[in-house]
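Summary of structural features
Chain by chain, the residues:
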Amino acid sequence: MQATVNRTKGQTDWNCVNWRKANRIVRNLRQRIFRAKTEGKLKKVRSLQKLMLRSYSNRLVSVRKVTQYNRGRNTPGIDKVVVKTATARGQLVDKLTDYSPWKSSPARRIYIPKANGKKRPLGIPVIQDRTIQAMVKNALEPEWEAIFERSSYGFRPGRSPHDAIESIYNLARPNKRKKWVVDADIQGCFDNISHNFLLELLTGFPARELIKQWLLAGYMEAGSWHPTDAGTPQGSVVSPLLANIALHGMESALGVKYNKDGELRASRALVRFADDFVVFCETLEDAKTVLQILNNWMQARGLTLSQEKTKISHLTEGFDFLGFNIRHYKDQTTKTGWKLLIKPSKKSVLNIRSKLRSEWLNCKGKSTDAVIKKLNPIIRGQANYFRIGVSSKIFNSLDHWLYEKQKMYAKRTHRNKSDSWCKAKYWGYLNLDRPFDRWVFGNKQTGAYMLKFTYFKIKRHILVKGKSSPDDPKLRDYWIKRQEAKTKSELIKSRQKIAQRQQYVCPVCGESLLNDEELHLHHKKPKSQGGGDNYGNLQLVHLYCHQQIHSGTICSL
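Here we summarise the structure given alongside this text. Just so we're clear, the structure is a prediction, and the values are computed from it rather than from any experiment. (Residues numbered from 1 in each chain as written. Predicted model: local features only at pLDDT ≥ 70, side-chain atom pairs only at ≥ 80, totals over all residues. Heavy atoms only, no water.)

A few points about the overall build of the protein
To keep things clear, this is the line we draw: Each helix is a run of H or I in the DSSP string that is no shorter than four residues. Each strand is a run of E no shorter than two, and both are numbered from the N terminus. Only C-alpha atoms enter the radius of gyration, while the globule expectation follows 2.2 Å times N to the 0.38, with N the number of residues. The rule is simple: take the accessible area with a 1.4 Å probe, protein chains only, and divide by the maximum for that residue type; under 20% is buried, over 50% is exposed, in between is partly exposed. Should any heavy atoms of two residues lie within 4.5 Å, those residues are counted as being in contact. Only the protein chains shown count as cover for residues, with accessible areas throughout obtained via the Shrake-Rupley method and a probe of 1.4 Å. Counted charges follow a simple rule, with Lys and Arg positive, Asp and Glu negative, and His plus the chain ends left uncounted. A single reference atom marks each charge: NZ on Lys, CZ on Arg, CG on Asp, CD on Glu.
Along its length, the protein carries 19 helices and 15 strands. Computed over C-alpha atoms, the radius of gyration of the protein comes to 25 Å, within 12% of the 24 Å expected from 2.2 N^0.38 for 557 residues, which places it in the range of a compact globule. Over its C-alpha atoms, taken along the principal directions, the protein stretches across nearly 70 × 70 × 50 Å. Counting all 557 residues of the protein, 49% fall into the buried class. Partitioning the contacts of the protein with sequence separation of at least 6, the portion at a separation of at least 24 is 66%. For the protein, the accessible surface area stands at approximately 28200 Å², while carbon and sulfur atoms represent 50% of it. Treating the 100 positive side-chain charges of the protein as one cloud and the 48 negative ones as another, the clouds have centres 5 Å apart.

Regarding the packing of helix α13 (residues 346-362) against helix α15 (residues 392-413)
Helices that pack against each other are described as a pair by the angle of their axes relative to one another and the distance between those axes. What counts is decided by this rule: In this analysis an axis means a line fitted to C-alpha atoms, helices contributing only their contacting stretch, and an angle means the value between N-to-C directions, from 0 to 180 degrees. Note on angle classes: values under 35 degrees are labelled roughly parallel, values over 145 roughly antiparallel, values of 65 to 115 roughly perpendicular, and the remainder oblique. Note on convention: near helix rotated counterclockwise from far helix by under a right angle means a left-handed crossing. Clockwise means right-handed.
Between α13 and α15, the least distance of the axes is 12 Å, while the angle of their chain directions is 20°. One finds that α13 runs roughly parallel with respect to α15. You can see that α13 and α15 cross each other, and the crossing is right-handed. Together, Val-349, Ile-352, Arg-353, Leu-356, Arg-357 and Trp-360 of α13 and Ile-394, Ser-397, Leu-398, Trp-401, Leu-402, Lys-405, Gln-406 and Tyr-409 of α15 make up the contact between the two elements.

Focus: the layout of surface pockets
To keep things clear, this is the line we draw: Whether a set of points on the 1 Å grid over the protein atoms alone is a cavity depends on a 1.4 Å probe fitting there but being unable to get out, while an open set qualifies as a pocket with protein on both sides within 12 Å along at least five of seven lines; lining residues are those with an atom within 4 Å of a point. Grid points are joined across faces, edges and corners, and a volume is the space filled by probe spheres set on the points. Each residue receives one of three labels: charged for Asp, Glu, Lys and Arg, nonpolar for Ala, Val, Leu, Ile, Met, Phe, Trp, Tyr, Cys and Pro, and polar for the others, Gly being one of them.
In this model, the second largest pocket occupies a volume close to 540 Å³. Around the second largest pocket, the lining is made up of 22 residues, and of these Asn-170, Leu-171, Tyr-258, Gly-262 and Leu-264 lie nearest the centre. At the level of secondary structure, the elements contributing two or more residues to the lining of the second largest pocket comprise α6 (161-172) and β6 (269-273). Here the element with the most residues in the lining of the second largest pocket is α6; it accounts for three residues. Residues that form the lining of the second largest pocket fall into these classes: eight nonpolar, five polar and nine charged.

Quick notes on empty space enclosed by the protein
Across all of its chains, the model carries two cavities of 30 Å³ or more by this definition. The space that makes up the largest cavity amounts to roughly 80 Å³. Lining the largest cavity are Ser-105, Pro-106, Ala-107, Pro-125, Asp-129, Gln-133, Trp-214, Ala-217, Gly-218, Pro-233 and Ser-236. When grouped by side-chain class, the residues that make up the lining of the largest cavity number six nonpolar, four polar and one charged. In terms of lining residues, the second largest cavity is bounded by Gln-133, Ile-211, Trp-214, Leu-215, Pro-233, Ser-236, Val-238, Ser-239 and Leu-242. Secondary-structure elements contributing two or more residues to the lining of the second largest cavity are α9 (208-216) and α10 (239-247). Looking at which element gives the most residues to the lining of the second largest cavity, the answer is α9, with three residues. Its residues assigned to classes, the lining of the second largest cavity comprises six nonpolar, three polar and no charged.

Comments concerning the pairing of strand β15 (residues 538-542)
Quick note on the threshold: When DSSP finds at least two bridges between two strands, those strands are taken to pair.
Of all the five residues making up β15, five are buried; the element is thus mostly covered by neighbouring parts of the structure. What you see with β15 is no split at all: Leu-538, Leu-540 and His-542 on one side and Gln-539 and Val-541 on the other are buried throughout. Pairing geometry for strand β14 (residues 519-523) and β15, over five bridges, is antiparallel. Across the sheet, residue His-520 finds its bridge partner in β15, namely Val-541.

Some points on the sheet that holds strand β8 (residues 311-314)
With respect to topology, four strands assemble into an open sheet ordered β6-β7-β3-β8, the strand pairing being antiparallel. Because the sheet does not close on itself, it has two edges, and the strands there are β6 and β8. Pairs of neighbouring strands in the sheet enclose a mean axial angle of 20°, with direction left out of account. Of the strand pairs in this sheet, strand β3 (residues 180-185) and β8 are connected by four bridges, and their pairing is antiparallel. Pairing of Val-181 across the sheet is with Ser-313, part of β8. Contacts from α6 reach β6 and β7 (276-281), with the element oriented near 165° to β6. Across the sheet, helix α12 (residues 284-299) lies against β3, β7 and β8, angled at about 140° from β7, the strand it touches most.

Some thoughts on a positive patch on the surface
Heads up, the condition is: Within this analysis, patches are made of residues with over 30% relative accessible area and no salt bridge. Like charges are joined at 9 Å or less; nonpolar side chains (Val, Leu, Ile, Met, Phe, Trp, Tyr) at 5 Å or less. Any carboxyl oxygen of Asp or Glu within 4 Å of a side-chain nitrogen of Lys or Arg constitutes a salt bridge here.
A contiguous patch of positive charge on the surface is contributed by Arg-32, Arg-35, Lys-44 and Lys-474. If you trace the backbone, Lys-474 turns up in the loop between β13 (440-441) and α17 (476-490). Classification of Lys-474 as exposed rests on a relative accessible area of 76%.

Describing the packing of aromatic side chains
What counts here: Centre distance within 6.5 Å is the pairing criterion for rings of Phe, Tyr and Trp, where only the six-membered ring of Trp is used; planes under 30 degrees apart are then read as stacked, over 60 as edge-to-face, and the remainder as tilted.
Following the criterion strictly, the structure yields 18 aromatic pairs and no others. Aromatic pair Tyr-426 and Phe-441: ring centres 5.5 Å apart, planes at 10°, arrangement stacked. One end of the pair, Tyr-426, is in helix α16 (residues 419-426); the other, Phe-441, is in strand β13, and 15 residues separate them in sequence. As far as the burial class goes, Tyr-426 and Phe-441 line up, both buried.

Quick word on helix α1 (residues 19-38)
The test is simple: Expected helix span is taken as 1.5 Å per residue step, with the number of steps being one fewer than the number of residues.
The end-to-end C-alpha distance of α1 is 29 Å, a good match for the 28 Å that 20 residues give at a rise of 1.5 Å each. If you check which residues of α1 are buried, you get Trp-19, Ala-22, Asn-23, Val-26, Leu-29, Arg-30, Gln-31, Ile-33, Phe-34 and Ala-36. Residues of α1 that are buried in the fold lie against α2 (42-54), α3 (56-69), α5 (127-145) and α19 (543-550). Count one or two residues on from α1 and you reach Gly-40, which has phi positive near 75°.

Concerning the nonpolar core
The condition that has to hold: Grouping buried Ala, Val, Leu, Ile, Met, Phe, Trp, Tyr and Cys residues that are joined through side-chain atoms within 4.5 Å yields what is termed a nonpolar core.
Formed by 81 residues in total, the largest nonpolar core has its most connected members in Leu-140, Ile-211, Leu-242, Ile-245, Met-250, Phe-277 and Val-279. Residue contributions to this core peak at eight residues, all from α5. With sequence-adjacent residues up to four places away left out, Leu-140 is seen in contact with Gln-49, Leu-202, Phe-205, Ile-211, Leu-241, Leu-242 and Ile-245.

Listed below in structure tokens is the structure:
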């Protein structure tokens, strides 16, 4: 029997939740909030937001997000509590019904390393606060998605760093006039956003006082409580959204305008990914003016531009943004005499090698399968991220670097064996999709092999259209097509066929296959009952949906 998804009391059986219905209710509410905002019906927006905050389905979806597929699901707050079992998740859903939202707990302060060698402070709220933040986000985000600027790409549904890079590609081509770039960096953006300014923007939002409690909750470090008079704690579910709200309006401040067809009609252009942004200008003098405008605009938000990291560059000098280097190079074969190349930055390549080197060192003495299992996700993730740029040469150099590491591993594991013996044992035609590549490193007994960066073909990303949002009910078909393209680029061919048969959604919960949850292959007819590995008997499902199927609490699909 399946649990209803709009009840407010009772005992929740996590394994019996009808996820398809729960997700549909939350999605429909988000779309109704978005539509009401675009139509200017503020009273209806507030009414729907209150409905979302009370929704049992919203609680279910938020608990699943926080405890099952968020990256920090296993990181506890100051209460040292994590939720890992179905029973505990059901109890958390029921507890949230009576939970007093006006007593937010302080965050737990931890530090993670930054690319420049420094450490970034994170504030980790307790699980209950994180879940309520996810519920609040579902109520607040659609309202702002309806008005967010098209140049904003960071931490927004349906948008990614690739969209920001593609937007830069369109602006930085040699035949364009905007050659000067203000590469700006906000000094401690998340730590310094003015609470008063942010709360003023949220006037009228039903959970405004709750957000105020989170902002003022402080953090615990070394057993002591520290107040937070400004900023939104990095590490909380709602912080990226609050940062986007605080930085909304940058286009207007810079005079960036578009015509009715969405085409840029201004001497300046903006591309922003959360607190990282660049402004394209036609002259050096205008670029200096932009810096003055931005400094004044930031003051009301309690922010300032970093004097050390903010700089003005010409495209012939190039600049780094989101891990890529964007630069004009001389080319006499073109009309302009220049060509634009967007490549992985030198710092990014060094970071990739550092990550892989660290895993190689951690895998000393481990089996080949264990090494492959550790390194393949890194290779796949980095290759998928950088494949949209001019990366072929760098991918080849990384593969050669990996080959040298593989030789060192084989020699260290078999010190008394010859090079030819090691090559015969570890290299061969292991990748069946590449029958002519005999230099594939892996385990010939299990068939496991290590990926290569060059397996990932260079592919241009298609820029998200204008101000499009997944919360816009009019654009349903548009987002289905984008999801299809994303699935094709991130799944292997055999899984692409299965995903296509399912229209790229999980048959259990009805959500997109690529929603950050681990994917599993499900046999509709189990092998123990004679089921085979043919496409007709296979389905792609999320890990936790797969567990729900085999728990016997829903019908086999």
